[in-house]
Each structure stands twice: as structure tokens, then as C-alpha cells.
Amino acid sequence: MIEKITPDRKSILANIRIQRFTPSEHKSAYFDNFKVNVETGMTVLEALRLIKNTQDSSLTFRAFCRSKICGSCAVRVNGKPVLACSTQLMPILEDFKKDSVSIQPLKNMPVLRDLVVDIEPVIEKLSKMHPYLMENRERIPVTLEQESIMSKQEHSRFDYITDCILCGSCYSACSAASADPNYAGPLTLGKAYRFSADVRDSFQGERMQAAVDQGLWSCAQCRKCINVCPKDTRPAVSIQRMRKMSIDDGIHDTAGSRRAKAYTGDVAKYGQVNKPMLPVIVNGPKGWAAIEAADNYLKKHGIEPTRQVCMLGGQSSTQKIYDKVKELEAKGENKT
């Protein structure tokens, strides 16, 4: 006899706090509270629709496909960027052990109204990255009936980033974009890498310079973009690879590229970074001001500053790891 399975369905009367703001009417944003009976399986988008249909028709949000494809419904729930159509409320209520959740618009973009943001500034930055293929004549098929076919290895260099749906979640979570409005952001740099890594493209050099000009080395590698991406496109990994490509392409005259080269050279030589001299290596003579400030700070606390790199135990093991990484890079097997 087949045992009947009874789904464990729960119901919680939750308080949904929604950030409201209309630039032409309000001086600052505020929160409205709505009581919603949240049942197992209810998504954030379903709750928003229920509130709009039964409690406040003026509530404004954006949503189209309801299938985690268009990315238009991205909002922040309890501070984390998510897709409203694919995020269920019950697990969030249980995780936070509260009967209340806060829903806000994405960060780092102008709010048009309530939960709707203007993504146009991000698209403008993306357009400067030349996010399209410029034909590589060496890969053009002989006849129109043929296709420009890539090998699996060539495709694997960027296939993970092709799932990006431009939802803006990574841009909202980006610390560098919060600090610098001119920074391109993980979304745009990820797209730049996707086309630069494509063997059918011939515009890599110009696109690389555009990425450097828009802050390729400003990324702090905090990896928040990886944690919030609903499609697991790993923008921070693309930025790492883009940086290596820029150095390989001969773009060395940036503080970021000098820092990267110093890091790898020091690890090979000392087993760690030569921190005492790093400001000068990266910034030239201007770096001495930072070194003098650090010296004064150490002296103030009774520590004699030194230019010597502190050698730690395990140097031989570090050298083996470094040599193995270089070996994998030479074979094209180091993907991270």
C-alpha cells in the first residue's frame, strides 16, 4: 500500500515592511507596514501582488516573466538583493525567527518610485564596454552555410557568465559601486570579460582599455556579487580574469596592475607580500607619505619600523604552491 504524503504547509501572519518613495512628492523614503497571511510557497512577488490588489493599489514594483528569466523584479529583502519571483517568504521568516520582513529597492541606482529603480545609468556604463562581438577574421567560416564553431575548452572560458540576466543584484550589493559612482560595477565588467574571452572576437584590446578606464582595478574582491547573483555568474571571478588579460595585453601602467605584479613577485621571492615597500611600488614617490605615516604610528606605540620583510616558516611549501600555480597557468588549467 502506498503511503499518502501530506505536505507540511505552514501559515504565518507576517508584517511586510515596504519602502515607499516618490521623488516628486517625498523628501525622503519611509516604510509602510502591511499584514499578509504568508503561506508555505508564497513568493515575495506574490505577496507584493496581493498587497497591491487588496490593500494599496498605489504600491509600485516591476515584474514581467515570473520565471527567473527577465530579472526585472529584483529587490532587496532584509537587505539582500533577490529576485522577487523566485524567493519564498516562509524560509526568510523562519531564518530570521521574526514575523516581519523588509522589502526595499535595489541600492546604487536612482529610485523612480517605491521598489522601481532606474537601471539606465548601469546600461550606459555597459554600452561603453562594447558588449558585442567584433568579428575575428581568422574565425570567419569559408561559406555562409558553416558556423564559427568553438571547442568546449574555448567555450568554458566564459560560458558561466552568459547566464547573466542584467537584474542588477550584483550592482546593488557592490561596495565599490557604493563608494564610487563612476565605477563600472560587476555586471558590466562581467559582460566585458564574456566578449573579450570569446575567440570569435577581435576587439579585446579596446574593450580592455575601456574596462581599465571604468575601474577594473577598483573591485575590492569582497565577492558579495557572487553571493547574491541568482544565476551564479560569478562576476568577481570574471573581474579577476579580466585583470590578468589586461596585464597579458600589456596594460601595466596602473596602480592595480603594479600591485598585482608586486604581490605575485613578492610571494615567489619571500612567501608573502613586501608590505613595508608596497605603497612606493604601487604609487611611486607619492607612496613615501604612506610609509612615513606608518613609521610614525609604529614609533608612537614603541615599535621600531623596518624595511625588512618578515620571513615566516613554511617558505619552501609556499614556493611549491607558487610553482604549481604557474605550472597550471602554463597549461591553461587554473580557472580561478
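A brief structural summary.

### So, the packing of helix 7 (residues 186–196) against helix 8 (residues 204–213)
And then number 1: Across the interface, helix 7 lies against helix 8 with an axial gap of 10 Å and an inter-helix angle of 165°. As judged from the angle between their axes, helix 7 and helix 8 are roughly antiparallel. In this structure, helix 7 crosses over helix 8, and the sense of that crossing is left-handed. Two secondary-structure elements touch here, helix 7 through Leu189, Ala192, Phe195 and Ser196 and helix 8 through Gln204, Arg207, Met208 and Ala211.
And then number 2: Partitioned by chemical class, the residues of the contact of helix 7 with helix 8 number five nonpolar, two polar and one charged.

### As for the pattern of salt bridges
And then number 1: In the structure shown here, the tally under the stated rule is twelve salt bridges.
And then number 2: Put simply, Arg20 and Asp56 hold a salt bridge, and the shortest N to O gap is 3.0 Å. Taken together, the positions of Arg20 in strand 1 (residues 11–20) and Asp56 in the loop between helix 1 (44–54) and strand 3 (74–77) put the pair 36 residues apart, joining distant regions of the chain. No difference in accessibility class separates Arg20 from Asp56, as the two residues are buried.
And then number 3: Between Lys324 and Glu327 there is a salt bridge, and its shortest N-O distance comes to 3.7 Å. Of this pair, Lys324 and Glu327 both sit in helix 14 (residues 315–331), separated by three residues, roughly a single helical turn.

### So, the sheet that holds strand 3
And then number 1: The strand order across the open sheet built from five strands is 2-1-5-3-4, with neighbouring strands paired in mixed fashion. The sheet terminates laterally at strand 2 (30–39) and strand 4 (80–83), the two strands that pair on one side only. Strand-to-strand twist across the sheet, computed as the mean angle between neighbouring axes with direction ignored, equals 35°.
And then number 2: Alignment of strand 1 against strand 5 (residues 100–104), held across four bridges, turns out to be parallel. The residue bridging Arg17 from the neighbouring strand is Ser102, located in strand 5.
And then number 3: Against the sheet, helix 2 (residues 89–96) touches strand 1, strand 2, strand 3 and strand 5, its axis set at about 95° to strand 1.

### A few points about helix 3 (residues 120–127)
And then number 1: Of all the residues in helix 3, the buried ones are Val122, Lys125 and Leu126. All buried residues of helix 3 project into a common sector of 100° when viewed along the axis, lining one side.
And then number 2: Contacts from the buried residues of helix 3 go to helix 5 (169–173) and helix 7.

### Overview of unusual backbone geometry
And then number 1: Of note in this structure, Asp114 is not a glycine but carries a positive phi near 50°.
And then number 2: Secondary-structure assignment places Asp114 in the loop between strand 6 (111–113) and strand 7 (116–117).
And then number 3: Under the relative-accessibility criterion, Asp114 is labelled buried at 2%.
And then number 4: Even without being a glycine, Gln221 presents a positive backbone phi close to 55°.

### What to know about the packing of aromatic side chains
And then number 1: Scanning the entire structure with this criterion turns up zero aromatic pairs.
And then number 2: Just above the ring of Phe195 sits the side chain of Arg194; from NZ or CZ to the centre is 4.4 Å.

### Quick word on the environment of Leu166
And then number 1: Summarising the element assignment, Leu166 is placed in the loop between helix 4 (152–156) and helix 5.
And then number 2: Accessibility expressed as a relative area gives 30% for Leu166, which makes it partly exposed.
And then number 3: As for Leu166 and Ser72, which are separated by 94 residues in sequence, their C-alpha atoms are 8.4 Å apart.
And then number 4: In this structure Leu166 touches Ile119, Leu126, Leu187 and Lys191, once residues within four positions along its chain are discounted.

### Some details on the side chain of Thr188
And then number 1: Note on placement: Thr188 falls in helix 7.
And then number 2: Polar contacts involving the side chain of Thr188 include one to the main-chain carbonyl oxygen of Ala184, which spans 2.8 Å.
And then number 3: Residues contacting Thr188, with those up to four places away along its chain left out, are Val122, Lys125, Leu126 and Met129.

### Description of the state of the cysteines
And then number 1: Tallied over the full model, the rule gives zero disulfides.
And then number 2: Lacking any disulfide linkage, Cys225 is separated from the closest cysteine sulfur, that of Cys219, by 6.3 Å.
And then number 3: Judged by its relative accessible area of 8%, Cys225 is buried.

### What about helix 8?
And then number 1: Three or more residues of helix 8 are buried, namely Arg207, Met208, Ala210, Ala211 and Val212.
And then number 2: The inward-facing, buried residues of helix 8 abut helix 7 and helix 10 (235–248).
And then number 3: A positive phi of about 100° marks Gly215, the residue just after helix 8.

### Quick notes on the nonpolar core
Taken as a class, soluble globular proteins show a tendency for nonpolar side chains to be buried jointly.
And then number 1: Grouped together as the largest cluster of nonpolar side chains are 69 residues, with contacts concentrated most on Ile16, Ile18 and Ile103.
And then number 2: Among the elements that make up this core, the one with the highest residue count is helix 10 (six residues).
And then number 3: When neighbours within four sequence positions are excluded, Ile103 is seen to be in contact with Ile16, Arg17, Ile18, Gln19, Phe31, Val44, Leu48, Val75, Arg76, Val77 and Leu115.

Thresholds applied
- Residues numbered from 1 in each chain as written.
- Predicted model: local features only at pLDDT ≥ 70, side-chain atom pairs only at ≥ 80, totals over all residues.
- Heavy atoms only, no water.
- Axes fitted to C-alpha atoms, helices over the stretch in contact; angles between N-to-C directions.
- Helix = DSSP H or I, 4+ residues; strand = E, 2+ residues; numbered from the N terminus.
- Parallel < 35°, antiparallel > 145°, perpendicular 65-115°, else oblique.
- Left-handed = near helix turned anticlockwise from the far one by under 90°.
- Contact = heavy atoms within 4.5 Å.
- Nonpolar A, V, L, I, M, F, W, Y, C, P; charged D, E, K, R; others polar.
- Salt bridge = Lys/Arg side-chain N within 4 Å of Asp/Glu carboxyl O.
- Buried < 20%, exposed > 50% of the residue type's maximum accessible area, 1.4 Å probe, protein only.
- Pairing = 2+ DSSP bridges.
- Arc of directions from axis to C-beta.
- Phe/Tyr/Trp six-rings, centres within 6.5 Å; stacked < 30°, edge-to-face > 60°.
- Lys NZ or Arg CZ within 6 Å of the ring centre and 35° of its normal.
- Polar contact = N/O pair within 3.5 Å; in protein donor to acceptor, adjacent residues only side chain to side chain.
- Disulfide = S-S within 2.5 Å.
- Core = buried A, V, L, I, M, F, W, Y, C linked by side-chain atoms within 4.5 Å.

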